[in-house]
Amino acid sequence: MLIAALVLAVDLGTLLRHDVVANERICDASGLRTFYSRRDERPAWDAPAIASLARAIDHLADEGLSPRRYHRDAIVRLDGAERDVLATDAFLTAATHLSQGVTDPQFARPSWCAPPPKLDVAAILQAALDEHTIEETLARLTSRHEGYLRLRKALAAYRAVTWNVVPAGRSLRLGDDDPRVLDVRKRLGNTSESSLFDAELDALVRHFQSHHGIAEDGVVGAETLREMNVPAADRARQIAANMERWRWMPQDLGTSYVLVNIAAFRLDVIEDGRSVLAMKTVVGKEYTRTPFFAARIENVIVNPWWNVPESIAIKELWPKQRRDRTYFAREHMVVIDGRIRQRPGPWNSLGRLKFDMPNGYNVYLHDTPAKQLFAQPFRAFSHGCIRLERPLDLALYLLRDQPQWNADAMDNDIESGVERTIRLMVPEPVYVLYWTAWVGDDGHVEFHRDHYERDAALASALE
């Protein structure tokens, strides 16, 4: 037995120098070396621990992860040093993926500026082996955010269902009598056999539209038909991709925070896990995308000057001024030290309120004079900053601990036309995120258009 153990230890030492073991690619070579060096390259796994790990890997499918990635078949099929190394690699990799995400941050989240803390996954594994808690430990590392848990439940539901395709054809609306109405009813779970588009179906269509980022007109037109005919399997992949985005989040978001969902064109103020204030937003165009990042709102600026970014000045404003010498004057713009600035007022591109949240992208929240854009369901029109539908409501919330800044005081300050910076007593966390699927407080999944085309690459990386 001693000779067998020595042989196994030698085999372990050899395998740790390889990137591939038993035709399985090693994912965490550094973690492997750390783990076995602490054990003097002694084997770690017995049959009960392997069985427990296999069960835990099977459950990773519930988290939107592929069990194939974690040597599932190999650790059951093999024995000896190869099994030991692959089991260790599987646990270390799964622990990292569950707690911090699968994808390389530089690949999938180049704008995320809050890297997760470093975990000593080797120590976590050793403790799990010592305490015989392999399954429980991996389960404990899974995100506990309410948004993640809701999506996990939705993932199981969407994997278990299929739905019919609604044939292409003319738009359908209230009052229409058409055989395709039956297909719409079936798709929306309505059991009526009537081909008449009645008020009950109109309400179902509007509900569907409201949960897919579509204008709620009750008409089954091209956009609504396209969203209805997305297969359930594709929706499951979309849900899994957004579960991955949740894994990037810090475990503690704060008791209150501002959450901007770029894909949904929406801002929520969250207290104790629930939205207490919500409003529409306008975000960056396709070629001036709003980045996703974490920051803190430090100041509310009343009647801000707009310091025009150099890129906008060169590409847009200076050409307009050269074509029309009165352009700057009409737009209340001045040139100071070679930089274009716009005076405070109702014409100002930042509106009457700006929320300063220092970050590496020079992105902030602000008011806008272009209120008409909030009536549109698709609102990617900005240069990257985030325009707010109800900025005064957000300002009053952020200044809730400073009662001198009530609604009347804010109105008076705005009417003065003078720029003022009001510092928050406690900076408010803000998370600017990109979620195309989430579960609302009503229990229904919301799907929104992936207008920055990020989901496909992320889903492929997960698989």
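Refer to the preceding data block for the structure.
Residues numbered from 1 in each chain as written. Predicted model: local features only at pLDDT ≥ 70, side-chain atom pairs only at ≥ 80, totals over all residues. Heavy atoms only, no water.

## Describing the overall build of the protein
Selection rule: Secondary structure elements follow DSSP: runs of H or I of four or more residues count as helices, runs of E of two or more count as strands, with numbering from the N terminus. Exposure classes here rest on a 1.4 Å probe applied to the protein chains alone. A residue is buried below 20% of its type maximum, exposed above 50%, and partly exposed in between. By definition in these notes, contact holds between two residues if any of their heavy atoms fall within 4.5 Å. Throughout, the Shrake-Rupley method with a 1.4 Å probe supplies accessible areas, and for residues the shown protein chains are the sole cover considered. We treat Lys and Arg as the positive residues and Asp and Glu as the negative residues; His and chain ends play no part in the count. Lys charges are placed at NZ, Arg charges at CZ, Asp charges at CG and Glu charges at CD.
Scanning the protein for helices and strands turns up 18 helices and 16 strands. By its C-alpha atoms, the protein is 90 × 65 × 45 Å across when sized along the principal axes. By residue count, 51% of the 463 residues in the protein fall in the buried class. A fraction of 66% describes how many contacts in the protein between residues 6 or more apart in sequence connect residues 24 or more apart. Surface accessibility of the protein: about 22200 Å² in total, with carbon and sulfur atoms responsible for 52%. Distance from the positive charge centre (58 side chains) to the negative charge centre (65 side chains) of the protein: 5 Å.

## A short note on the environment of V334
As for its placement among the helices and strands, V334 is situated in strand 8 (residues 333–336). In sequence terms V334 and D393 are 59 residues apart; their C-alpha atoms lie 31 Å from each other.

## A short note on the pairing of strand 8
In plain terms, the rule: For two strands to be treated as a pair, DSSP must find at least two bridges joining them.
Of the strand pairs in this sheet, strand 8 and strand 9 (residues 339–342) are connected by four bridges, and their pairing is antiparallel. Bridge pairing in strand 9 places I336 opposite R339. In this structure, the hairpin formed by strand 8 and strand 9 is closed by a connection of two residues, where D337 is found at a positive phi of approximately 55°.

## Looking at the sheet that holds strand 9
Note the following rule: Axis lines are fitted to C-alpha atoms, over the contacting stretch for helices. Their N-to-C directions set the angle, which ranges from 0 to 180 degrees.
Here three strands make up an open sheet; going across it, the order is 7-9-8 and the pairing antiparallel. In the strand order of this sheet, the two ends are held by strand 7 (306–307) and strand 8, each with one partner. Sheet contacts for helix 14 (residues 310–323): strand 7, strand 8 and strand 9; angle to strand 9, the most-contacted strand, approximately 80°.

## Details of unusual backbone geometry
With a phi angle near 55°, F265 is a residue other than glycine that sits in the positive phi range. With respect to the secondary-structure elements, F265 resides in the loop between strand 3 (256–261) and strand 4 (266–271). F265 sits in the buried class, given a relative accessible area of 4%.

## Digging into the packing of aromatic side chains
Rules: Here is the rule: rings of Phe, Tyr and Trp (six-membered ring for Trp) pair when centre to centre is within 6.5 Å. Planes less than 30 degrees apart are stacked, more than 60 are edge-to-face, and the remainder are tilted. We call a charge positioned over a ring when the NZ of a Lys or the CZ of an Arg lies within 6 Å of the ring centre and within 35 degrees of the ring normal.
Under the criterion given, the structure shown has 12 aromatic pairs. Plain terms: the ring middles of Y327 and F328 are 6.0 Å apart, the flat faces sit at 50° to each other, and that makes the pair tilted. In this pair, the class of Y327 matches that of F328, namely buried. Site record: aromatic cluster; members linked through ring pairs are Y158, W163 and F447. In this arrangement the basic side chain of K354 is found over the ring face of Y364, its NZ or CZ atom lying 4.2 Å from the centre. For R400, the ring lying beneath its charged end belongs to Y397, and the centroid distance is 4.0 Å.

## Focus: helix 18 (residues 455–462)
Defined as follows: Taken from the helix axis, the directions to the C-beta atoms give the arc we talk about.
Taken as a whole, helix 18 has its buried residues at D455, L458, A459 and L462. On an axial view of helix 18, the arc spanned by its buried residues comes to 100°, and they lie on one face.

## Regarding the pattern of salt bridges
This is how it is decided: A carboxyl oxygen of Asp or Glu within 4 Å of a side-chain nitrogen of Lys or Arg is what we treat as a salt bridge.
The final tally for this structure, using the stated rule, is 22 salt bridges. Between E146 and R150 there is a salt bridge, with its nearest N and O atoms 3.1 Å apart. One end of the pair, E146, and the other, R150, are both in helix 9 (residues 146–159), four residues apart, so they sit about a helical turn from each other. With a closest N to O distance of 3.8 Å, D441 and R274 form a salt bridge. Residue D441 is found in the loop between strand 15 (437–439) and strand 16 (445–447), and its partner R274 is found in strand 5 (residues 274–284); the two are separated by 167 residues along the sequence. Look at R274 and you get partly exposed, because its relative accessible area is 41%. Connected through shared salt-bridge partners, E146, R150, R274 and D441 make up one network.

## Focus on helix 3 (residues 47–59)
In plain terms, the rule: The span one expects for a helix is its residue count, reduced by one, times 1.5 Å. In the analysis that follows, any N or O atom pair within 3.5 Å is treated as a polar contact, provided that within protein one partner can donate a hydrogen and the other can accept it, and provided that, for residues neighboring in sequence, both atoms belong to side chains.
Between its first and last C-alpha, helix 3 extends 19 Å over 13 residues, near the 18 Å set by a 1.5 Å rise per residue. The elements touched by buried residues of helix 3 are helix 4 (72–77), helix 5 (80–100), helix 7 (121–131) and helix 8 (134–141). Its side-chain oxygen at 2.9 Å from the backbone nitrogen of A49, D46 defines the N-terminal cap of helix 3.

## Things to note about a positive patch on the surface
Definition in use: For patches, a residue must show more than 30% relative accessible area and have no salt bridge; joins then use 9 Å for like charges and 5 Å for nonpolar side chains, namely Val, Leu, Ile, Met, Phe, Trp and Tyr.
On the surface, a cluster of positive charge is contributed by K320, R322, R323 and R325. Along the polypeptide, R323 turns up in helix 14. Exposure remark for R323: the relative accessible area of 65% places this residue in the exposed category.

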